[in-house]
Amino acid sequence: MTEEKKDLTLDSLEKYLSSKMAEEKKDLGLSTLGNLGNSAADRLLAKQAKKDAKKAQKKASKLGTSTANTLAVDDPATLASRQAELQEKVTSLMNQLAVRQALVSTPGGSKEKEQGTHKFWSTQPVPQIGDIFEKDGPIEPNVPQNEIRKEPYPLPKEFEWSTMELNNDDEINELYALLTNNYVEDDDAMFRFDYSGKFLKWALQPPGFKKLWHVGVRVSASKKLVAFISAIPTDIRINQLSHHLVEINFLCVHKKLRSKRLAPVLIKEITRRSHIEGIFQAVYTAGVVLPKPVSKARYYHRSLNPKKLIETKFSRLPNNIPLTRLIKKYKIPNETATPGLRPMKSKDVPKVRTLLSEYMKKFDFVPIFKNDEEVRHWILPKEGVIWSYVVEQPGTKNITDFFSFYYLPSSVIGHPIHKSINAVYLFYYATNVTEENAIKERLQGLMKDALILAKLQKVDVFNCLDLMENRFFLDELKFGPGDGYLNYYIFNWRCQEMKSDNVGVVML
């Protein structure tokens, strides 16, 4: 073999490892500077880096052996020199690749990202980690109208603001595509929330909604929608004080643009637009810990189709338990058992509102449904979006109980058979039973019927958080704790932290 061909063997290895380093460097820039709650991306990058390192080592071994074989015809001195050069370059490149991997897989790398996120929140009127408060109250006073910024915050030059028109089919489809491809997904990138147009209109157009609060960012040249944030009006009681505020949701930035630092600008802009309307507090949730949660709830899952959940790797088959036994474990009846249970109708709205308002008095962080219109929007059944059921006494026609759950499927990424997981989430419920043991028995019966009704709708999994009095039925109805948590936050308000069973706010 000529010296030129021997150099090509060495060059091919160097180019391969260098290309991997370049890919890691590019991805690292997106993930470490990305928007809030992107810890899943960090883990995915670390996982990919490990795979690439193994590939590089394997290729290094093969190429090293090949080079040694081709050099065997040369004199020993040349062979030793070339092998030493090869080994030195391999070691150097592998070490650099390992550094890239370490930045996203070690606690220090995550900590750097977390500190970058917290640097933004340290400039905002939110409680900071470690703060302790003796009484509730605003962190900053309301801003006088003449001091509120009149113009939107500046974006990078290639982007522009866009107020979304969600009654336009094209724009709701744009928002659907952005969220479907770039919003919440699991740590292993196997599942992704699949928000339908009907769901988004329900979530973003309640009574009193403002188009101004549906905030998009587009690429100036192409007009492509690449980021979004929303606010909706809501009334919430926090301990003894009631507030008219906004609920912030659907903060989403296109995956390829997370190095542009659009998320902080989106947050500041939605804050400005809320201030214009005279609102200075907000509630929001996140899977990550930011400064500073008022409460933390855990997700629980109840399997209704264990075979499908295991096939898609949503769930794992426990060791030494055959699938047939698991299916038997999660089998539920085909008919409900609560007398007087029926779908909620429009005529039930006033009674449901009264029942729910009374039930919520026992918790410290709850929604206030000011009128029947709000209950009609949020709780009355809507096909493909929310199911609601009431228990009506046959003689008095009184509504003694109700429960609801909304439909939010997840796309299954890359599975050859299953394309989606049909999932529902427990929403609001109430009962007029007051004694604790009786409440426990009543809720177990109601939620068992909810599982049955969901199963009849071909639902695969029933999800909920450990809010309100959900603890009374989670174990008994075979809900399993999930890996995910949801942190609750209040913008520009200080109050003591509270346990999740004191929280009655269910955010979508």
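Residue numbers here run from 1 along each chain, matching the order of that chain's written sequence. Selection of residues for local features in this predicted model requires a pLDDT of at least 70, selection of side-chain atom pairs for listing and counting requires 80 or more, and totals for whole chains, interfaces and linings are taken over all residues. Computation of side-chain values: all heavy atoms of the structure, hydrogens and water removed.

Take a side-chain nitrogen of Lys or Arg and a carboxyl oxygen of Asp or Glu: if they are within 4 Å of each other, that pair is a salt bridge. The full count for this structure, using the stated rule, is 21 salt bridges. Note that Asp235 is salt-bridged to Lys370, the shortest N-O span being 2.9 Å. Placement of the pair is Asp235 in strand β4 (residues 225-238) and Lys370 in the loop between β9 (365-367) and α11 (372-378), with a sequence separation of 135 residues. Remark: exposure states derive from per-residue accessible area (1.4 Å probe, protein chains only) relative to the maximum for the residue type, with buried under 20%, exposed over 50%, and partly exposed in between. Since its relative accessible area comes to 42%, Lys370 is described here as partly exposed. Where Lys307 meets Glu311, a salt bridge forms, and the shortest distance between an N and an O atom there is 2.5 Å. One end of the pair is Lys307 and the other is Glu311, both in helix α8 (residues 306-311) and four residues apart, which spans about a single turn. Among the charged side chains, a network of salt bridges with common partners joins Glu171, Glu174 and Arg218. A run of H or I in DSSP counts as a helix once it spans at least four residues, and a run of E counts as a strand once it spans at least two, with each numbered from the N terminus.

Time to look at the packing of aromatic side chains. Pairing of aromatic rings covers Phe, Tyr and the six-membered ring of Trp, with a centre-to-centre limit of 6.5 Å; geometry is then stacked below 30 degrees between planes, edge-to-face above 60, and tilted otherwise. All told, the structure shown has 29 aromatic pairs when counted by the stated rule. Three or more aromatic residues joined by ring pairs make a cluster, and in this case those are Tyr183, Phe193, Tyr195, Phe199, Trp202, Phe250, Phe369, Trp378, Tyr406, Tyr425, Phe427 and Tyr428. Its guanidinium or amino end placed over the ring of Tyr485, Lys296 lies 4.4 Å from that ring's centre, counting from NZ or CZ. Should the NZ of a Lys or the CZ of an Arg lie within 6 Å of a ring centre and within 35 degrees of the ring normal, that charge is described as sitting over the ring. We note Arg471 situated over the ring of Phe472; from NZ or CZ to the ring centre the distance is 4.4 Å.

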